[in-house]
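# Coordinate analysis (summary)
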Amino acid sequence: MGFLSLLEKRFPKEEHPELYYEPMPSLYPSCVDRTRPLLDQILEKDVLLSYPFDDIAMLLDLLEQAAADERVDRIQISLYRVASNSKIVQSLIDAAKRGKSVTCVVELRARFDEENNIDWSKRLEEAGCHVVYGLPGYKVHCKLLFIGLAQGGGVAQVGTGNFNEVTAKLYTDLALFTAHEGILSDVQEVFRCLVAGNFVEHSQHLLVAPLCLKNRLMELIDQEIEKARAGEPCGIVLKMNSLTDKDLVEKLVQASQAGVRVQMIVRGICCLTPGLRGRTENIEVRSIVGRLLEHSRIYAFGVGANRKFFISSADFMTRNTMQRVEVAVPVYDYKAKRKLAKILRLALSDNQKAWVLKSSGNYRMPGKATRAKPVNLQMSLFQVAKDEAMSAKDTRKPSAKDNNKRRKK
């Protein structure tokens with residue numbers, strides 16, 4: 001459907017403004033300081049980005065800085081869908097030319113991007129990068145980046161979306177940047193296994209498919225079932241693209257029957273019918289179809305202060321849980337968890353772009369209460385990013401007292 005891109009030329013914005021959305025520019029994350037090296041800031045604290053509301057320029061800057069930073073001696077990354085004129089890949093090439101060890105796990109079978117990935121793989125190899133082509137029979141779909149320091153340690157990024165500057169403006173995705181030692185160790189183990197042609201058999205923090213994701217998810221659901229049976233507060237909220245894995249569907253049904261409230265935001269295929277008496281009456285399913293493609297995966301288990309959050313590259317589909325290398329990462333940082341909780345809260349409150357799945361199997365728009373405040377998940381997140389950017393800008397402005405000191409100097 002590439003011909004659709006020509007429509008913009010046939011109907012220019014100047015002549016047909018009514019056909020165009022209002023601008024929604026991505027904003028540089030307010031939680032980081034552009035005047036300081038990003039690597040140092042991530043070593044100090046976790047950073048959770050929400051694309052496209054947060055600009056992927058931060059990732060581009062991080063890779064560009066890492067390529068030139070003398071402390072960095074190696075970079076490892078998994079590439080699934082890459083932009084045609086990728087600045088990300090160019091930074092990897094620059095790093096290799098500067099003598100750093102660069103390992104790229106490239107999935108050549110990424111549907112519709114096979115030719116583009118082959119071309120980039122050749123250029124990476126020519127620059128001296130170590131290119132690995134995944135595992136026979138299993139697609140490598142995880143979104144991992146590791147930047148290692150010569151003296152030890154480093155930073156990692158685990159995300160829900162591809163390292164792609166184009167889709168980062170069209171898809172809603174999440175990316176966690178962290179220096180957590182346990183997560184770094186697990187990320188390095190994933191890359192070690194991919195290079196060796198093996199599967200990860202054990203991980204302490206990450207949930208890694210095909211051997212260590214589905215079983216851990218079942219355990220997390222079982223924990224909520226046990227809480228319900230003990231009369232303790234419990235709950236599950238899941239956001240994903242599709243739900244088709246029969247085992248996970250049945251486990252969610254068990255949770256509902258035990259009294260666990262299960263709320264799901266499933267954009268596409270959903271092989272579970274909610275609201276069936278004695279079976280799924282405690283399950284709610286909604287789909288949000290808006291201006292941007294909902295692509296982030298969030299898993300939340302429990303309630304209150306002990307609530308566990310994960311972001312992941314995996315949907316609850318058999319192809320993801322059993323036939324691909326996927327990764328879910330726990331989110332430990334308090335501010336990052338609050339951000340995820342807000343995203344889920346807005347998604348469950350959306351009454352503008354949401355469709356609710358009924359027990360009949362049909363989708364209906366949520367009934368609009370006469371006094372209900374309109375909630376649009378995507379526009380709300382854009383407004384949150386704007387407000388945070390303005391707040392950060394104000395706090396960084398020099399005070400009148402500071403200005404007086406400068407004048408005296």
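This section reports on the structure supplied with the text. (Residues numbered from 1 in each chain as written. Predicted model: local features only at pLDDT ≥ 70, side-chain atom pairs only at ≥ 80, totals over all residues. Heavy atoms only, no water.)

## Some thoughts on the layout of surface pockets
Where we set the bar: Using protein atoms alone on a 1 Å grid, points that fit a 1.4 Å probe yet trap it form a cavity, whereas open point sets bounded by protein on both sides within 12 Å along at least five of seven lines form a pocket; residues with an atom within 4 Å of a point count as lining. Grid points are joined across faces, edges and corners, and a volume is the space filled by probe spheres set on the points. Comment: elements are numbered from the N terminus, with helices defined as DSSP H or I runs of at least four residues and strands as E runs of at least two. Any residue that is not Ala, Val, Leu, Ile, Met, Phe, Trp, Tyr, Cys, Pro, Asp, Glu, Lys or Arg is counted as polar, Gly included; the first ten are nonpolar and the last four charged.
Reported here for the largest pocket is a volume of approximately 750 Å³. For the lining of the largest pocket, the secondary structure elements donating two or more residues are β1 (47-51), α10 (334-349) and α11 (377-396). Considering every element that reaches the lining of the largest pocket, the biggest residue donor is α10, with eight residues. Grouping the amino acids of the lining of the largest pocket by side-chain chemistry returns twelve nonpolar, three polar and ten charged.

## Side note on the side chain of T103
Which entries qualify depends on this criterion: Per-residue accessibility, obtained with a 1.4 Å probe over protein chains only, is compared with the maximum for each type, and a residue is labelled buried under 20%, exposed over 50%, and partly exposed between these values. Contact between two residues is taken to exist if any of their heavy atoms lie within 4.5 Å; hydrogens are not considered.
Here T103 shows up in strand β3 (residues 101-106). Relative accessible area serves as the criterion here: at 8%, T103 is assigned to the buried category. Leave out the neighbours within four places in its chain, and T103 touches I75, Q76, I77, H130, V132 and V195.

## Some details on the sheet that holds strand β19 (residues 363-364)
Put simply, the rule is: The pairing criterion for strands is at least two bridges between them, as found by DSSP. Note on method: axes are straight lines fitted to C-alpha atoms, helices fitted across the in-contact stretch only, with angles between N-to-C directions ranging 0 to 180 degrees.
Here we have nine strands laid out as an open sheet, ordered β9-β17-β15-β14-β10-β11-β12-β18-β19, and mixed in their pairing. Among the strands making up the open sheet, the edge pair consists of β9 (207-208) and β19. Packed onto the sheet, helix α7 (residues 214-229) meets β9, β10 (236-240), β14 (297-301) and β15 (308-312) and runs at close to 40 degrees relative to β14.

## A word on the pattern of salt bridges
Just so we agree on the cut-off: For salt bridges, the criterion is a side-chain nitrogen of Lys or Arg within 4 Å of an Asp or Glu carboxyl oxygen.
For the structure shown, the criterion picks out 16 salt bridges. A salt bridge links D73 to R74; its shortest N-O distance comes to 2.8 Å. When its relative accessible area of 24% is taken as the criterion, R74 is described as partly exposed. The partner of K214 in a salt bridge is D245, and the shortest N-O contact between them spans 3.1 Å. You can see K214 sitting in helix α7 and its partner D245 sitting in the loop between β10 and α8 (246-258), a full 31 residues away along the chain. K214 gets classed as buried once you look at its relative accessible area, which sits at 12%. Overlapping salt bridges bring together D40, D69 and R71 as one network.

## Topic: the packing of α7 against α8
Where we set the bar: Orientation is classified from the angle alone, with under 35 degrees giving roughly parallel, over 145 giving roughly antiparallel, 65 to 115 giving roughly perpendicular, and any other angle giving oblique.
As a packed pair, α7 and α8 sit with axes 9 Å apart at the nearest point and diverge in direction by 10 degrees. It follows from the interaxial angle that α7 and α8 lie roughly parallel. In contact with K214, L217, M218, I221, D222, I225, A228 and R229 of α7, α8 contributes D247, L248, K251, L252, Q254, A255 and A258. Residues of the contact of α7 with α8, tallied by class, amount to nine nonpolar, one polar and five charged.

## Some thoughts on the state of the cysteines
Put simply, the rule reads: Our working definition of a disulfide is a cysteine sulfur pair at a distance within 2.5 Å.
As enumerated under the stated definition, the model contains zero disulfides in all. Left without a disulfide partner, C104 is nearest to the cysteine sulfur of C129, which lies 4.6 Å away. Between C193, a free cysteine, and C212, which holds the nearest cysteine sulfur, the sulfur-to-sulfur gap is 9.1 Å. Classification of C193 as buried rests on a relative accessible area of 2%.

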